[in-house]
Amino acid sequence: MSRRAKAPRVSHKAAAARLREHPNEWLPIGDYRSSTTAKDVARRISRGYPIGAVEYGTPYEPTGAYESRTELTEDGTRVHARYIGETP
C-alpha cells in the first residue's frame, strides 16, 4: 500500500499578497490532509493569528480583513480565503 504524496507547503505570505490583489474574490490557499488542520488554518486566517511559529507573525493582518472557509475534497480539505479590507 502506497502513501499519498504530501501536499506542497503553502506560502502564506504569497497567498495574502495574492488575496490583496483580488479583493472580495475567494481564492484557494492550500490543501490539507486533515480537516482539523485545515479548519485551524482557516480560523487563524480570519482572526489574524500567526500560522506556525509566533515569532514569524501573520501575513493576514489586520485582524478581520480576511474571511476564510473550508471545502472537503477527494484527498482532504481545501482552505479558501478572501480579502475584504480593513473594517472600521
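That block above? That's the structure.
Read on for a plain summary of the structure. (Residues numbered from 1 in each chain as written. Predicted model: local features only at pLDDT ≥ 70, side-chain atom pairs only at ≥ 80, totals over all residues. Heavy atoms only, no water.)

1. Let's talk about the layout of surface pockets
Test applied: In the cavity and pocket records, a cavity denotes points on a 1 Å grid over the protein atoms alone where a 1.4 Å probe fits but cannot get out, a pocket denotes an open set with protein on both sides within 12 Å along at least 5 of 7 lines, and lining residues are residues with an atom within 4 Å of a point. Grid points are joined across faces, edges and corners, and a volume is the space filled by probe spheres set on the points. When residues are grouped by polarity, Ala, Val, Leu, Ile, Met, Phe, Trp, Tyr, Cys and Pro land in nonpolar, Asp, Glu, Lys and Arg in charged, and all others, Gly among them, in polar.
A volume near 170 Å³ is recorded for the second largest pocket. Around the second largest pocket, the lining residues are His12, Lys13, Ile51, Tyr56, Gly57, Thr58 and Pro59. For the lining of the second largest pocket, a count of residues per class yields 3 nonpolar, 3 polar and 1 charged.

2. Some details on the packing of aromatic side chains
What counts here: Ring pairs shown here join Phe, Tyr and Trp side chains whose ring centres sit within 6.5 Å, with only the six-membered ring taken for Trp; geometry is labelled stacked below 30 degrees between planes, edge-to-face above 60, and tilted in between. Here, a charge over a ring means that NZ of Lys or CZ of Arg falls within 6 Å of the ring centre while also lying within 35 degrees of the ring normal.
Within the structure shown, the criterion is met by 2 aromatic pairs. Ring-pair connections join several aromatic residues into one group, and the members of that group are Tyr60, Tyr66 and Tyr83. The ring of tryptophan 26 carries the charged tip of arginine 69 above its face, separated from the ring centre by 4.1 Å.

3. With respect to the sheet that holds strand E3 (residues 77–83)
This is how the line gets drawn: The pairing criterion is simple: DSSP has to find at least two bridges between the two strands. A run of H or I in DSSP counts as a helix once it spans at least four residues, and a run of E counts as a strand once it spans at least two, with each numbered from the N terminus. Orientation is described by axes fitted as lines to C-alpha atoms, over the contacting stretch for helices, and by angles from 0 to 180 degrees between their N-to-C directions. The contact criterion used is simple: two residues touch if any of their non-hydrogen atoms lie within 4.5 Å.
Spatially, E1-E3-E2 is the arrangement adopted by the 3 strands of the open sheet, whose pairing is antiparallel. Each having just a single partner strand, strand E1 (27–32) and strand E2 (66–72) make up the two edges of the open sheet. In this sheet, neighbouring strand axes are inclined to one another by 25 degrees on average, regardless of whether the strands run parallel or antiparallel. Two strands pair when backbone bridges link them, and E1 and E3 are joined in this way by 5 bridges, in the antiparallel orientation. Paired with glycine 30 across the bridge in E3 is valine 79. Along the sheet, helix H1 (residues 12–21) makes contact with E1, E2 and E3, crossing E1 at roughly 155 degrees. Helix-sheet contacts for helix H2 (residues 35–47) involve E1, E2 and E3, and the interaxial angle to E2 is about 165 degrees.

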